[in-house]
Amino acid sequence: MKPPTPIRPAATRPLVICADDYGLAPGVSAAIAELIEAGRLSATSCMSALPDWPQAAPPLRALVARAPADIGLHLTLTDQPALSPAARTAWGERLPPLGRLLAVALARRLPAAAVAAEIRAQLDAFEDAWGAPPDHIDGHQHVHVLPGVREPLLAELLRRYPRGRVWVRNCVEAPARCMRRGEAVGKALFISALGLGLARRLRAAGVPCNDGFSGLHDFSVARPFAPKMRRFLAGTGPQPVLHVHPGRVDAALRACDPLTTSREVELTYLASDEFAADLADAGLHPARFAAFAAQGGQAAP
């Protein structure tokens, strides 16, 4: 990858640009690391339950020592091997697919002890490899917003860390912004509605979170990615998070996740001068979550 054009903050607003799925597979982790080093990402969320995480954590720590970024836990409760004995008892060796988890969560029938144990196990695994708490927490396939997940997650967060030490991804987005973007509108509205319960709890508990969330799309490669991104950047909240899924396809990725080719499409765009120009045109620059403090606080809708 050629050295990309630097993105200069100048008079632009901060935007947390977070790549999900670090630790999923070597090709994904390497691509994310390259984008952090190039200044194109300001955060990544790590899958500590995956076998690649213990090997992928040390080079990431060395990287952020020279290219600072927020490093968080990507809580994983679907489709991958369970980490805790309680979760394996409840679901078997493999965590349930999203459709099944969603149905049980909406019926308020998730096994509370198993969910709490898996959250603790994944945080333990993160800290064991990283040597410190995560900067933030979010969820693979946004599972952290689900009823039956958000409550034990917040409880563990408050039990484990000083208040304000860890921020949480808020997936609530203004319906008008979702409609104007025209990208995966139904999905965006549904996830936003699910996220309202978590957002209220974060606000009541004084846990910091973003205000503005974008990046949801259908992962189709039939249309160019750049126009999608320009729509994500055109209408952002006051303290926004943009989540992306770059990566390189390798055998390990093919074996564990169906999302493949679109990761390389996103990687190519995020490393391009076109992305730098699109950010500048939108008046935004990649920044860590702490940059929002300079704007007068951290909001929860």
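Residues numbered from 1 in each chain as written. Predicted model: local features only at pLDDT ≥ 70, side-chain atom pairs only at ≥ 80, totals over all residues. Heavy atoms only, no water.

Enquirer: Please explain empty space enclosed by the protein as it appears in this structure.
Expert: Counting across every chain of the model gives three cavities of 30 Å³ or more. In this model, the largest cavity occupies a volume close to 90 Å³. Secondary-structure elements contributing two or more residues to the lining of the largest cavity are α7 (175-181) and β6 (213-214). Along the lines of polarity and charge, the residues of the lining of the largest cavity split into six nonpolar, two polar and three charged. Lining of the second largest cavity is provided by L157, L158, Y161, P162, R163, G164, V166, V207 and P208. (1 Å grid on protein atoms, 1.4 Å probe; cavity = no way out; pocket = protein on both sides within 12 Å on 5 of 7 lines; lining within 4 Å. Points joined across faces, edges and corners; volume = space filled by probe spheres on them. Helix = DSSP H or I, 4+ residues; strand = E, 2+ residues; numbered from the N terminus. Nonpolar A, V, L, I, M, F, W, Y, C, P; charged D, E, K, R; others polar.)

Enquirer: For this particular structure, what's the right way to read the side chain of D250?
Expert: Looking at where D250 falls in the secondary structure, it is placed in the loop between β7 (241-244) and α10 (251-256). One buried charged residue, D250, remains without a salt bridge, the closest side chain of opposite sign being R254 at 6.6 Å. One polar contact links the side chain of D250 to the main-chain amide nitrogen of L253, over a distance of 2.8 Å. Apart from the residues lying within four places of it in its own chain, the contact partners of D250 are A25, P26 and G27. (Buried < 20%, exposed > 50% of the residue type's maximum accessible area, 1.4 Å probe, protein only. Lys, Arg positive; Asp, Glu negative; His and termini not counted. Salt bridge = Lys/Arg side-chain N within 4 Å of Asp/Glu carboxyl O. Polar contact = N/O pair within 3.5 Å; in protein donor to acceptor, adjacent residues only side chain to side chain. Contact = heavy atoms within 4.5 Å.)

Enquirer: So what exactly am I meant to see when it comes to the layout of surface pockets here?
Expert: Gaps between atoms show up when a probe of the same size as a water molecule is rolled over them. The volume enclosed by the largest pocket comes to roughly 480 Å³. In terms of lining residues, the largest pocket is bounded by 28 residues, among which L98, H140, Q141, H142 and K187 are the most central. Secondary-structure elements contributing two or more residues to the lining of the largest pocket are β1 (13-22), α4 (98-106) and α8 (185-205). Considering each element in turn, the lining of the largest pocket owes the most residues, four residues, to α8. Split by residue class, the lining of the largest pocket holds 13 nonpolar, eight polar and seven charged.

Enquirer: Mind showing me how you'd approach unusual backbone geometry here?
Expert: Most peptide bonds are trans, and most residues other than glycine sit at a negative phi. Although it is not a glycine, D79 adopts a positive phi angle of roughly 70°. Structurally, D79 can be placed in the loop between β3 (70-75) and α3 (85-91). By relative accessible area, D79 is classed as partly exposed at 29%. In this structure, Q141 is a non-glycine residue whose phi angle is positive, near 60°. Mapped onto the secondary structure, Q141 falls in the loop between β4 (136-139) and α6 (150-160). What makes Q141 partly exposed here is its relative accessible area of 33%.

Enquirer: Mind showing me how you'd approach the pairing of strand β2 (residues 43-46) here?
Expert: The side chains of a regular strand alternate, first on one face of the sheet and then on the other. Burial of β2 is two-sided: the residues A43 and S45 facing one way and the residues T44 and C46 facing the other way are all buried. Relative to β2, β1 is paired through three bridges, and the arrangement is parallel. Bridge pairing in β2 links Y22 to C46. The sheet contact formed by β2 and β3 spans four bridges and is parallel. Residue S45 lies in a different strand from β3, and its bridge partner there is G72. Tracing the backbone out of β2, into helix α2 (residues 53-66) and back to the parallel element β3 gives a crossover that is right-handed. (Pairing = 2+ DSSP bridges. Right-handed = clockwise from strand over helix to strand, strands pointing away.)

Enquirer: Explanation requested: the environment of Y269 in the structure shown.
Expert: Its place among the elements puts Y269 in helix α11 (residues 261-270). Using a relative accessible area of 5% as the deciding quantity, one classes Y269 as buried. Distance from Y269 to L63, taken between C-alpha atoms, is 22 Å for residues 206 residues apart in sequence. Residues contacting Y269, with those up to four places away along its chain left out, are F225, A226, M229, E274, F275 and D278.

Enquirer: What exactly am I supposed to notice about the pattern of salt bridges here?
Expert: Applying the stated rule across the entire model yields 23 salt bridges. D135 is paired through a salt bridge with R165; the nearest N and O atoms lie 3.8 Å apart. With a gap of 30 residues between them, D135 in the loop between α5 (112-130) and β4 and R165 in the loop between α6 and β5 (167-168) connect regions that are remote in the sequence. For D135, a relative accessible area of 18% gives the class buried.

Enquirer: Where do I start with helix α9 (residues 225-234) in this structure?
Expert: Every α-helix carries 3.6 residues per turn, so stepping three or four residues along brings you back to the same face. Of the positions making up α9, those classed as buried are F225, A226, K228, M229, F232 and L233. Projected down its long axis, α9 shows its buried positions confined to an angular sector of 155°, all on one face. (Arc of directions from axis to C-beta.)

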